[in-house]
Amino acid sequence: MNDLAPLLTPEGRALLDEVRDTDPAHELAVATRLRREHPAALVSAALGQARLRQRAEAKFGAEDARRMFFTPDGVEQSTRASVAAYRAARFRELGVTSVADLCCGIGGDAIALARAGIRVLAVDRDPLTAAAARANADALGLAGLIEVREADVTEVDTAGYDAVFVDPARRGGRGRVFDPEAYSPPLSWAVGAARTASRAAALKVAPGIPHEAVPADAVAEWISDGGDVKEAVLWFGAGQAAPVRATLLPGPRTLPSRGLPDPAVRPPGRYLYEPDGAVIRAHLVAEVAEELDGGLIDATIAYITADEHRPTPYATAYEITDRLPFNVKKLKALLRERQVGVLTVKKRGSAVEPEELRRKALPKPHGRASVTVFLTRVDGAPTMLLGHPAG
Ligand SMILES: C[S@@+](CC[C@H](N)C(=O)[O-])C[C@H]1O[C@@H](n2cnc3c(N)ncnc32)[C@H](O)[C@@H]1O
């Protein structure tokens with residue numbers, strides 16, 4: 001169905017409530033039963049929407065997702081609620097009271113901005129997506145703050161708004177797009193739009209954006225949530241001193257760049273620290289290494305080693321018990337000797353497949369002990385470091 005309207009009627013809404021918790025395994029039987037009383041197209045639209053809502057729960061939480069409307073692309077491309085809420089709070093801190101949300105999708109960011117008390121013009125050129133954004137503003141009681149406009153963002157006048165936010169589409173006909181100029185609209189257009197904003201602007205980009213592609217007048221912020229890197233944002237006019245930051249959610253905990261040189265390489269100490277992905281993408285491993293009084297185990301690998309355990313939000317600490325050259329037989333013997341039942345494999349700078357190593361080194365549990373093995377290089381040499389989470 002390429003129209004949301006039938007789902008927004010009383011019959012459509014009642015059907016949506018009825019199919020809400022349908023187990024995908026029973027969908028066919030449920031559809032057959034419902035088609036006796038409702039049009040077939042409406043039944044399949046309701047079941048499809050229920051599936052999208054279930055998928056969206058991970059991003060929006062069950063309470064909101066069950067009331068919202070999605071398109072398949074809209075779920076995939078939307079900003080998760082935690083990240084959108086963080087960004088909306090930053091806009092608020094900057095004194096922003098109105099935002100032109102250019103490329104609003106189904107409204108992930110627009111909803112968070114409105115919930116932060118910000119007036120939003122939400123623009124998307126895709127009719128179904130714009131209809132979903134409008135339905136979401138209504139469903140969540142935010143229609144008074146969100147005006148949805150179906151238009152091409154390049155034709156929208158943003159002069160009446162304090163700030164501009166652009167979240168370009170990063171998927172083309174052949175999947176994910178990596179070249180920022182292949183975004184829709186292209187990054188250069190978004191940067192131009194950001195520079196016209198009267199107070200501030202933010203552009204959401206892929207976390208893999210090369211640092212060289214960040215304009216000199218922007219602050220680049222990499223954001224992770226629960227340890228997974230979600231996105232990078234380029235801020236304009238936000239007046240921050242450091243050109244690069246890593247922000248970890250929940251929190252938020254923000255680490256600004258201090259322009260430190262790469263940390264020195266040193267022999268592994270008692271602790272190994274795995275920096276958060278946002279720290280690594282933002283190239284802020286040196287800032288964390290300094291806080292830990294640590295160094296790198298290899299010049300090209302983002303593992304920090306140190307002699308002390310200093311808890312930090314920016315890296316996960318492991319206490320290292322063994323260091324072996326890479327050798328599966330030796331690892332297997334050691335796991336047997338230590339009565340290991342659970343093996344966690346982590347790797348950086350190794351081509352070995354973690355799952356394959358786990359199968360070979362621990363074909364069956366020997367006992368109840370847990371071990372983490374890091375497949376990595378120590379000053380160039382393929383090495384296995386064994387340990388467990390510290391503290
Ligand atoms: C990444 S999604 C936005 C997701 C949104 N921030 C959210 O959280 O739900 C990008 C959107 O940009 C829209 N889009 C791409 N090019 C556009 C253009 N030139 N004008 C208007 N919308 C555009 C697409 O239809 C798509 O819905």
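Thresholds, definitions, all that
- Within each chain, residues carry numbers counting from 1 in the order of the written sequence.
- Only residues with pLDDT of at least 70 get local features here, since the model is predicted, and only at 80 or more are side-chain atom pairs given and counted; chain-wide, interface and lining totals rely on the full set of residues.
- Working from all heavy atoms in the structure, the side-chain values ignore hydrogens and water.
- Helical segments are the DSSP runs of H or I of at least four residues, strand segments are the runs of E of at least two, and each set is numbered from the N terminus.
- Note on exposure labels: buried denotes an accessible area under 20% of the residue type's maximum, exposed denotes more than 50%, and partly exposed covers the range between, all computed with a 1.4 Å probe on protein chains only.
- Calculation of accessible area relied on Shrake-Rupley with a 1.4 Å probe; when residues are assessed, cover is drawn exclusively from the protein chains displayed.
- We treat Lys and Arg as the positive residues and Asp and Glu as the negative residues; His and chain ends play no part in the count.
- By convention, the point assigned to a charge is CZ for Arg, NZ for Lys, CD for Glu and CG for Asp.
- We call a set of buried Ala, Val, Leu, Ile, Met, Phe, Trp, Tyr and Cys residues a nonpolar core when their side-chain atoms join them within 4.5 Å.
- Segmentation into domains, and thus their bounds, comes from an automatic or database assignment.
- In this description, strands pair whenever DSSP reports at least two bridges between them.
- Residue contacts follow a heavy-atom distance rule, with two residues in contact if any of their heavy atoms lie within 4.5 Å.
- Helix axes use the C-alpha atoms of the stretch in contact, all axes being lines fitted to C-alpha atoms, and the angles between their N-to-C directions lie in the range 0 to 180 degrees.
- Buried and open spaces are told apart on a 1 Å grid over the protein atoms alone, a cavity being a set of points where a 1.4 Å probe fits but cannot get out and a pocket being an open set with protein on both sides within 12 Å along at least five of seven lines. Residues with an atom within 4 Å of a point are the lining residues.
- Grid points are joined across faces, edges and corners, and a volume is the space filled by probe spheres set on the points.

Draft legend 1. Local environment of the overall build of the chain. Scanning the chain from N- to C-terminus turns up 13 helices and 18 strands. The principal-axis extent of the C-alpha atoms belonging to the chain is close to 65 × 55 × 35 Å. The buried share among the 391 residues of the chain stands at 51%. On the chain, roughly 18,200 Å² of surface is accessible, and the fraction owed to carbon and sulfur atoms is 50%. Where the 50 positive side-chain charges of the chain centre and where its 51 negative ones centre are 6 Å apart.

Draft legend 2. Structural context of the nonpolar core. Core analysis: the biggest nonpolar cluster contains 59 residues, and Leu7, Phe70, Phe91, Val96, Ile146 and Trp235 have the highest contact counts within it. Top contributing element to this core by residue count: helix H4 (residues 40-65), with 10 residues. Formed jointly, this core draws a minimum of three residues from each of two domains, domain 1 (5-63) and domain 2 (75-255).

Draft legend 3. Fine view of the sheet that holds strand S17 (residues 369-378). Here we have seven strands laid out as an open sheet, ordered S13-S14-S12-S15-S18-S17-S16, and mixed in their pairing. Edge strands, defined here as strands with exactly one partner in the open sheet, are strand S13 (295-296) and strand S16 (340-347). Where strand S15 (residues 315-325) meets strand S18 (residues 381-389), seven bridges bridge the pair, whose relative direction is antiparallel. Of the residues in S18, the one forming a bridge with aspartate 322 is leucine 386. Sheet strands in contact with helix H11 (residues 285-292) are strand S12 (271-275), S13, strand S14 (304-306) and S15, and its direction is about 10° off that of S14.

Draft legend 4. Region of the structure containing empty space enclosed by the protein. As enumerated under the stated definition, the model contains one cavity of 30 Å³ or more in all. Counted as a void, the largest cavity has a volume near 30 Å³. Per-element accounting of the lining of the largest cavity gives the leading share, four residues, to H4.

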